[in-house]
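Structural overview
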Amino acid sequence: MIKNNLMKITKQSIIKQLFDLGIREGDVVFVAADLMKVGYFNKSIKNTLRDWIYIFDTVLGESGTIVIPSYSPTWLRFIKDPDFIFTVDSPSNSGSMAKAYLEFANEKIRGTHPTASCIVKGYHAKYISSRNTEKHLKYEPYKSIVELKGKGLLLGTVDRRNGPFTFHYAQQHLGHTTRHPYSGLLKTRYIDVDGDIKDFIVREIGGCTAGLHKSWGHHLEKNAVTFGPVGRSLSALFDAQKSSQIFIELLGSKPYPLKCDNIECLSCYGRFRYNGLAAYWYYLKAFHILLNKLFQKLKSSNYNA
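Remember, it's a predicted structure, so these values are computed and weren't measured experimentally.

**So, the nonpolar core**
Core analysis: the biggest nonpolar cluster contains 32 residues, and Leu18, Trp52, Phe56, Tyr101, Leu153 and Leu155 have the highest contact counts within it. Take this core: its biggest share by element is seven residues, from helix H3 (residues 45–60). For Tyr101, the residues in contact, after removing those within four places along its chain, are Trp52, Ile53, Phe56, Ile66, Ile68, Lys108, Ile119 and Lys121. Val28, Leu154, Phe165 and Val225 belong to the second largest nonpolar core, which has 21 residues in total.

**Focus on the sheet that holds strand S7 (residues 186–191)**
Read from one edge of the open sheet, three strands run S3-S7-S8, paired in antiparallel fashion. Taken across any chain shown, the strands that pair with only one partner, and hence form the sheet edges, are strand S3 (75–76) and strand S8 (197–202). With two bridges connecting them, S3 and S7 associate as antiparallel partners. Residue pairing in the sheet places Trp75 in a bridge with Lys187 of S7.

**Remarks on the pairing of strand S6 (residues 151–155)**
Within S6, five of the five residues are buried, which leaves it mostly tucked inside the rest of the structure. The two faces of S6 match: Lys151, Leu153 and Leu155 on one face and Gly152 and Leu154 on the other face are all buried. Alignment of strand S1 (residues 28–33) against S6, held across five bridges, turns out to be parallel. Counterpart to Phe30 in the pairing with S6 is Gly152.

**Some words on the side chain of Gln171**
The topology assignment puts Gln171 in helix H7 (residues 166–174). At a separation of 3.2 Å, a polar atom in the side chain of Gln171 contacts the side chain of Tyr274. Setting aside its immediate chain neighbours within four residues, Gln171 contacts His176, Thr177, Gly206, Leu251, Arg271 and Tyr274.

**Considerations on helix H6 (residues 140–147)**
The periodicity of an α-helix, 3.6 residues per turn, causes residues three or four positions apart to be oriented the same way. The element H6 is extensively covered by neighbouring structure, given that six of its eight residues are classed as buried. All of the buried residues along H6 are Glu140, Pro141, Tyr142, Ser144, Ile145 and Val146.

**Concerning the pattern of salt bridges**
Under the definition given, this model contains twelve salt bridges. For Arg131, the salt bridge is made with Glu140, and the minimal N-O distance between the two is 3.2 Å. Where Glu147 meets Arg131, a salt bridge forms, and the shortest distance between an N and an O atom there is 3.0 Å. Remark: Arg131 occurs in the loop between helix H5 (125–129) and H6 and Glu147 occurs in helix H6; sequence separation between them is 16 residues. Residues joined in a network through salt bridges with shared partners are Arg131, Glu140, Lys143 and Glu147.

**Side note on the side chain of Ser144**
Among the structural elements, Ser144 can be located in helix H6. There is a polar contact of 3.3 Å between the side chain of Ser144 and the side chain of Arg131.

**A closer look at the packing of aromatic side chains**
Within the structure shown, the criterion is met by 14 aromatic pairs. Ring centres of Phe165 and Phe238 lie 5.7 Å apart, and the angle between their planes is 40 degrees; this geometry places the pair in the tilted category. In this pair, Phe165 sits in the loop between S6 and H7 while Phe238 sits in strand S10 (residues 233–239), placing the two residues 73 residues apart along the sequence. Across the pair, Phe238 and Phe165 agree in class, each one buried. Put simply, the rings of Phe30, Tyr139, Tyr142, Phe165 and Phe238 touch in pairs and so form one group of aromatic residues. The ring of Tyr54 is capped by Lys11, whose NZ or CZ atom sits 4.8 Å from the centre of that ring. Over the ring of Phe19 we find Arg24, and its NZ or CZ is 3.6 Å from the ring centre.

**Looking at the environment of Ala170**
Tracing the chain through its elements places Ala170 in helix H7. The buried category is assigned to Ala170, whose relative accessible area is 0%. Remark: the alpha-carbon pair of Ala170 and Ile85, spanning 85 residues in sequence, is separated by 29 Å. In contact with Ala170, other than residues within four places in its own chain, are Ser244, Phe247, Ile248 and Leu251.

Procedures and definitions
- Residues numbered from 1 in each chain as written.
- Predicted model: local features only at pLDDT ≥ 70, side-chain atom pairs only at ≥ 80, totals over all residues.
- Heavy atoms only, no water.
- Core = buried A, V, L, I, M, F, W, Y, C linked by side-chain atoms within 4.5 Å.
- Buried < 20%, exposed > 50% of the residue type's maximum accessible area, 1.4 Å probe, protein only.
- Helix = DSSP H or I, 4+ residues; strand = E, 2+ residues; numbered from the N terminus.
- Contact = heavy atoms within 4.5 Å.
- Pairing = 2+ DSSP bridges.
- Polar contact = N/O pair within 3.5 Å; in protein donor to acceptor, adjacent residues only side chain to side chain.
- Salt bridge = Lys/Arg side-chain N within 4 Å of Asp/Glu carboxyl O.
- Phe/Tyr/Trp six-rings, centres within 6.5 Å; stacked < 30°, edge-to-face > 60°.
- Lys NZ or Arg CZ within 6 Å of the ring centre and 35° of its normal.

Purely spatial values, then, with no claim about function.
Here it is as structure tokens:
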């Protein structure tokens with residue numbers, strides 16, 4: 001925990017900390033944020049969310065670009081019809097930063113991918129969002145950021161649950177996203193360009209990210225990440241190209257080194273690509289657990305990693 005609880009957090013202090021972390025005018029930055037952990041608040045939620053837009057507008061300038069995930073819920077196919085229909089105006093389950101840009105940002109563009117849309121604002125917004133449709137691979141915007149030599153910001157999300165977005169890009173690059181046990185079993189609905197409501201079948205899933213903290217040593221070794229305080233929380237800024245190459249190399253090795261510590265995790269221990277024949281033992285031992293998880297998903301939604 002960053003010991004700066006007595007420091008007054010202002011827009012200007014956050015702007016300085018983001019600059020000290022390494023963000024520069026003209027950067028392309030993917031932001032995964034937990035604003036509660038950062039601890040900045042200005043009189044009301046509305047003021048606070050507007051301030052975050054101002055902060056990144058100031059840091060990135062007119063030539064910069066911010067990309068924010070704005071993911072949507074999914075349901076099990078064949079069992080439950082979604083009540084949700086995705087449009088670019090749909091609410092997102094990706095947190096307060098997505099809410100800020102959806103409700104208050106001018107000149108932002110939201111991709112039309114029914115489950116994995118991103119909100120993009122800035123110089124490269126049209127280019128990135130044009131590769132974020134129902135016809136594109138799920139993590140294609142991540143690929144765009146890598147190609148544009150962008151950066152990733154974990155804003156208050158340096159923990160044992162989150163990790164660099166480049167992990168999912170590496171999975172897509174290697175063809176792993178279509179081999180998740182839930183691939184093809186989930187769906188949502190969306191409105192196409194002709195105004196018709198259609199089903200969207202989820203065939204790409206990245207899965208669990210709770211083991212990605214194990215990659216920080218590799219990032220430090222390659223000079224691919226900088227850690228520092230933003231508000232009351234630790235944050236990290238990483239080089240997207242270097243980070244994606246680190247994950248491509250790690251995911252290509254055996255045994256798979258980035259699994260989480262929960263041996264009941266389907267994403268980490270039920271995938272044959274990451275466990276080989278040991279995955280059979282997982283299903284034998286965890287069959288009752290999987291049935292319970294499926295039952296829980298009948299009552300809820302949102303398996304969208």
